[in-house]
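A structural walkthrough
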Amino acid sequence: MSDPDSKPVTDHNGRLYIETVGCQMNMLDSELVVAALRRDGYQLTDNPKEADTILFNTCSVREHAEHKIYSALGRLKYSKRNRPQRVIGVIGCMAQKDQDLIFQKAPFVDIVVGTGQLAEIPRMIRETRESEERTQRKAVSLGRREGSREEVSDSFQSYDPLRDPEMRPTPFQAFVRIMIGCDKFCTYCVVPATRGPEQSRPPAHIVQEARVLADQGVREITLLGQTVNSYKYTEDGRLVRLSDLLMRLHDISGIERIRFITNFPKDMTTDLLQAVRDLPKVMKYLHVPAQSGCNDVLKRMKRGYTVEDYREMMQRIREIVPGCAVSSDFIVGFCGESDESYQKSMDLIRECRFKNSFIFKYSARTGTKADELFADDVPEETKRQRNNEMLELQNRISEEDNAEFIGRRVRILVEGPSKSASRRAAREGQPLDGASLLPLVTQESHDSHDPHHPHDSHDSHHPHDSHHDHSIEPQTIQHASEEAARLALQLTGRTECDRIVVFDGNPRLIGSLAEIEIHDCTSTTLLGSIVTKEFQHGSGLLLPILG
Ligand code: SAM
Ligand code: SF4
């Protein structure tokens, strides 16, 4: 973020700037906070200089993400000189974890609000603004040992009141939280502390929310949970599992695609896999982090499964949902990870042939069991080397598997302009947003983006990571009319098995389902051309969109 004080600011009221780091849960939280503040009369701005409220929605999973926020805060040190009324807030995971430390490190911060207290934000900003004397305000939930399970759970409110289409990845895609918190307590992880006890939302609330979203034009929903497949809710004495919830959501007309992230290997039950197989709207894609391929490491991580268990799960996935794409997360350089242990993770990647993997260097986190019990003894240089080597292996596999798609046709939901098209348009002073997309933008390179890890500022290395912009040669549009070609823009979307596709097409295709023929690929992207325009799920009905 740039220094908001580099130029004098004009006096605006009600302008909100929000910066979000971290996972999809944070993206969703930001959407909801913005919706609530808009109701209070705030206007969003993407320019911190003109904002009178600046919020950072934060992540604590790795140290790097926290450093980023503290540096951004450092740049705001003098930002109240010209705007004494400006309110600065730190919200989310870091707020819950660091609490008063944030006020100590950045005394000009006005409000600190944890993940379980986000509903308090509008009131806290209002009070800060109205009060004569400057008072710092804090709203955080109880620590995991600061009360009974019930008390701690009650202090983390699931925050899902209002939606704000403008804050979504696209107008027709939305995240829906189905549970909060986590009870797995992997030894390296802060999430059980920052997001509190695991609590599933009532199915009726989730279905109602999905209906509202469908009415607003959403066609694809992504169900969110730290261990989404652990979802369970007792309703009238009967247990509702994720598979049951998927069936209910499947019935909502307007919703064409349903996905869910992130899965926990031990909770990958057969009923869930059967639901993925049998429900056409459910994407054939499972993100199931393995974290390591070595039993000793998995034990120290307290993941609760062995490599043999993970293999058995993979075999069940392959048998029950043939063709299902599986992706994973790995941590390299965890405490005591020998070269031999690391090689076992490499072996698991070779064997499972993941669609992609997020690879993280272990980052010791205060307050976690691993930090308490084990030495962070793998040198940074070794972590870096293992990270790069693992990424190289994964990329090779991803590219080989993507090459299998060449010559085949895939169905995608067209999400919007590709990143290079958007960058080019921004350079030319024509931001590309939804319906206003029409001018010719000549293509230059093909790249990918990942709305599932949108602002992931972490040090992961992932084929869909924005750091890895693999450019390949432009292709000509083979099936579109001349007029369509004139209007063509480089567009992007995802297949049913979550592979990114880039093709040239009329911007009016955005938001529709289309069939694409694949001609080429990189490790991150399939490159193709449009074959058909729009079809309705299950019916095979073709609805022309292009002129
Ligand atoms: N709940 C999900 C699960 O268990 O798969 C993921 C949640 S976590 C926010 C996302 C990923 O961050 C994890 O899968 C893990 O690979 C990584 N991660 C978590 N804590 C970490 C740490 N201390 N250092 C490095 N990576 C970490
Ligand atoms: Fe963290 Fe483990 Fe929970 Fe995932 S399952 S959020 S890695 S504690």
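Scroll up to find the structure this text is about.
Criteria and cut-off values
Residues numbered from 1 in each chain as written. Chains lettered and ligands numbered in written order. Predicted model: local features only at pLDDT ≥ 70, side-chain atom pairs only at ≥ 80, totals over all residues. Heavy atoms only, no water. Pairing = 2+ DSSP bridges. Helix = DSSP H or I, 4+ residues; strand = E, 2+ residues; numbered from the N terminus. Axes fitted to C-alpha atoms, helices over the stretch in contact; angles between N-to-C directions. Contact = heavy atoms within 4.5 Å. Buried < 20%, exposed > 50% of the residue type's maximum accessible area, 1.4 Å probe, protein only. Polar contact = N/O pair within 3.5 Å; in protein donor to acceptor, adjacent residues only side chain to side chain. Salt bridge = Lys/Arg side-chain N within 4 Å of Asp/Glu carboxyl O.

With that settled, the discussion passes to the sheet that holds strand β13 (residues 257–261). Taken in spatial order, the 3 strands line up as β7-β10-β13 in an open sheet, and their pairing is parallel. The open sheet has two edge strands, β7 (173–177) and β13, and neither has a second partner. Pairs of neighbouring strands in the sheet enclose a mean axial angle of 25°, with direction left out of account. By the bridge criterion, 5 bridges tie strand β10 (residues 220–224) to β13 in an arrangement that is parallel. The residue of β13 that forms the bridge with Thr222 is Arg259. Taken strand by strand, helix α9 (residues 242–250) contacts β10 and β13, and its axis lies near 155° from that of β13.

By the secondary structure assignment, Arg83 is in the loop between α2 (63–74) and β4 (87–92). Judged by its relative accessible area of 6%, Arg83 falls in the buried class. For Arg83, the side chain forms a polar contact with the main-chain oxygen of Ala51, separated by 3.4 Å.

What follows covers the pattern of salt bridges. Scanning the entire structure with this criterion turns up 42 salt bridges. Linking Glu220 and Arg257 is a salt bridge whose minimum nitrogen-to-oxygen distance equals 3.8 Å. Within this pair, whereas Glu220 is found in strand β10, its partner Arg257 is found in strand β13, the two being separated by 37 residues in sequence. For Glu220, a relative accessible area of 2% translates into the label buried. The network of salt bridges with shared partners includes Glu220, Arg257, Arg259, Lys355, Glu415, Arg494 and Asp498.

Before going further, it helps to spend a moment on the side chain of Asn506. In this fold, Asn506 is placed in the loop between β19 (500–505) and β20 (513–521). A distance of 2.8 Å separates a polar side-chain atom of Asn506 from the backbone nitrogen of Arg508.

The next thing to look at is the pairing of strand β12 (residues 238–241). Relative to β12, strand β11 (residues 232–235) is paired through 4 bridges, and the arrangement is antiparallel. Along β12, the bridge assignment pairs Glu235 with Arg238. Turn length for the β11-β12 hairpin, with the two strands adjacent in sequence and antiparallel, is 2 residues, and the turn residue Asp236 shows positive phi of about 50°.

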